[in-house]
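These are the residues of each chain, in order.
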Amino acid sequence: MLDTDLLAGRLPREANASKVRSHDLVGRFGSDWEILLNEAHFMKELEGRLEELKQQ
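Remember, predicted model here, so these are calculated numbers, not experimental data.

Novice: Can you walk me through the pattern of salt bridges in this structure?
Specialist: Two side chains bearing opposite charge may form a pair once their charged atoms approach each other closely. On inspection of all chains with the given rule, the structure shows four salt bridges. Across the pair R21 and E47 runs a salt bridge, and its minimum N-O distance is 2.4 Å. Note that R21 is positioned in helix α2 (residues 19-29) and E47 in helix α3 (residues 33-55), a separation of 26 residues in sequence. With a shortest N-O distance of 2.6 Å, R28 and D24 are connected by a salt bridge.

Structure below.
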């Protein structure tokens, strides 16, 4: 559990992900930092694109 908390605490700082999203990603993908970072960046990009579509 400590590793999960540490990773979920680090992810928002380094990938600009929310704390809730970070805990979710760690729960889904485990403790592989590269995967977590890639998924967090992917989700952030996806959110941005969805927001652009809403504004059109």
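Novice: Explain the packing of aromatic side chains here, please?
Specialist: Two numbers describe a pair of aromatic rings. These are the distance of the centres and the angle of the planes. All told, the structure shown has zero aromatic pairs when counted by the stated rule. Residue placement shows R10 over the ring face of W33; its charged tip is 3.9 Å from the ring centre.

Novice: Hey, could you run me through the nonpolar core in this one?
Specialist: One recurring pattern in soluble globular proteins: nonpolar side chains tend to sit buried together. One finds L7, A8, L11, A15, A17, L25, V26, W33, L36, L37 and A40 forming the largest nonpolar core, which totals 11 residues. Counting only elements with at least two residues in this core, the list comes to α1 (2-15), α2 and α3. Those residues in contact with A17 that sit more than four places away from it in its chain are L11, P12, S22 and A40.

What counts and how
- Chains are numbered independently. Their residues run from 1 in the order of the written sequence.
- Restriction of local features to residues with pLDDT of at least 70 applies here, the model being predicted, together with a cutoff of 80 or more for giving and counting side-chain atom pairs; totals for whole chains, interfaces and linings are based on all residues.
- Water and hydrogen atoms were dropped before computing side-chain values, which therefore reflect all heavy atoms in the structure.
- By salt bridge we mean one thing: a side-chain nitrogen of Lys or Arg within 4 Å of a carboxyl oxygen of Asp or Glu.
- Helical segments are the DSSP runs of H or I of at least four residues, strand segments are the runs of E of at least two, and each set is numbered from the N terminus.
- Stacked, edge-to-face and tilted labels apply to pairs of Phe, Tyr and Trp rings (six-membered ring for Trp) whose centres lie within 6.5 Å, assigned for plane angles under 30 degrees, over 60, and everything in between, in that order.
- Remark: a charge is flagged as sitting over a ring if the NZ atom of Lys or the CZ atom of Arg is within 6 Å of the ring centre and within 35 degrees of the ring normal.
- Remark: nonpolar core denotes a set of buried residues (Ala, Val, Leu, Ile, Met, Phe, Trp, Tyr, Cys) joined through side-chain atoms within 4.5 Å.
- Partly exposed describes any residue whose relative accessible area lies between the buried limit of under 20% and the exposed limit of over 50%, with all areas from a 1.4 Å probe on protein chains only and scaled to the type maximum.
- Residue contacts follow a heavy-atom distance rule, with two residues in contact if any of their heavy atoms lie within 4.5 Å.

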